[in-house]
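Inside the fold
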Amino acid sequence: MAITDILSAKDIESALSSCQAEDSFNYKSFFSTVGLSSKTPDQIKKVFGILDQDKSGFIEEEELQLFLKNFSSSARVLTSAETKAFLAAGDTDGDGKIGVEGKAAGNFIQVRLQNACV
Ligand SMILES: [Ca+2]
């Protein structure tokens, strides 16, 4: 499964171009631009499965740092400030990693619902 099976290459391109500068990454606007905010919970889980490169069931800090590279191999790595903010948003139980199943996906789905209400 490639990430482009779920998200359109055009949306990925515009999402990546919006955060080329260091410390300009915002996961909410990225998810929205890339089209993830409008995906079903099942599709979001599949994307999380791709982000979990070692298939540990969690997205660890190292994997988050490489987040943008899942969308394009030429994308930059996230800065440590961006990685920490992203981790804090998805890490609901404070264990330093994001669970692929359940809570984290739920958080992002909540973001999707909030966006839908605007
Ligand atoms: Ca992992």
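This structure is a prediction, so every number in the text was calculated from the model and none was measured.

1. Notes on unusual backbone geometry
Positioned with a positive phi, D23 is a non-glycine residue whose angle comes to about 65°. Within the fold, D23 resides in the loop between α1 (9-17) and α2 (27-34). For K55, which is not a glycine, the phi torsion comes out positive at approximately 55°. Assignment of secondary structure puts K55 in the loop between α3 (41-51) and β1 (58-60). Given 8 C-beta atoms within 10 Å, K55 falls into the exposed group.

2. A short note on the environment of A75
Turning to its location among the elements, A75 is positioned in the loop between α4 (61-65) and α5 (80-90). Residue classification places A75 among the partly exposed positions, given that 18 C-beta atoms sit within 10 Å. Separated by 56 residues in sequence, A75 and C19 place their C-alpha atoms 9.6 Å apart. Excluding residues within four positions of it along the chain, A75 makes contact with L16, L68 and K69.

3. With respect to the UniProt feature "domain: EF-hand" (unreviewed entry) in the chain
Here, the residues flagged by UniProt with the feature "domain: EF-hand" (unreviewed entry) are residues 39-74. In the segment residues 39-74, helix accounts for 44% and strand for 8%; the C-alpha atoms at its two ends are 25 Å apart.

4. Brief notes about the nonpolar core
Membership of the largest hydrophobic core comes to 20 residues, with the highest contact counts inside it found for F30, F31, V34, L36, F48, I59 and L78. Elements with a minimum of two residues in this core: α1, α2 and α3. With four residues, the top contributor of residues to this core is α2. Residues contacting V34, with those up to four places away along its chain left out, are L7, D11, I12 and A15.

5. Structural notes on α3
Of all the residues in α3, the buried ones are I44, V47 and F48. Taken down its axis, α3 places every buried residue within 105° of arc, on the same side.

Rules of the game
- Residues numbered from 1 in each chain as written.
- Predicted model: local features only at pLDDT ≥ 70, side-chain atom pairs only at ≥ 80, totals over all residues.
- Helix = DSSP H or I, 4+ residues; strand = E, 2+ residues; numbered from the N terminus.
- Buried ≥ 20, exposed ≤ 12 C-beta atoms within 10 Å, placed from the backbone.
- Contact = placed C-beta atoms within 7 Å.
- UniProt positions renumbered as here; feature names shortened; annotations may be inferred.
- Core = buried A, V, L, I, M, F, W, Y, C linked by C-beta atoms within 7 Å.
- Arc of directions from axis to C-beta.

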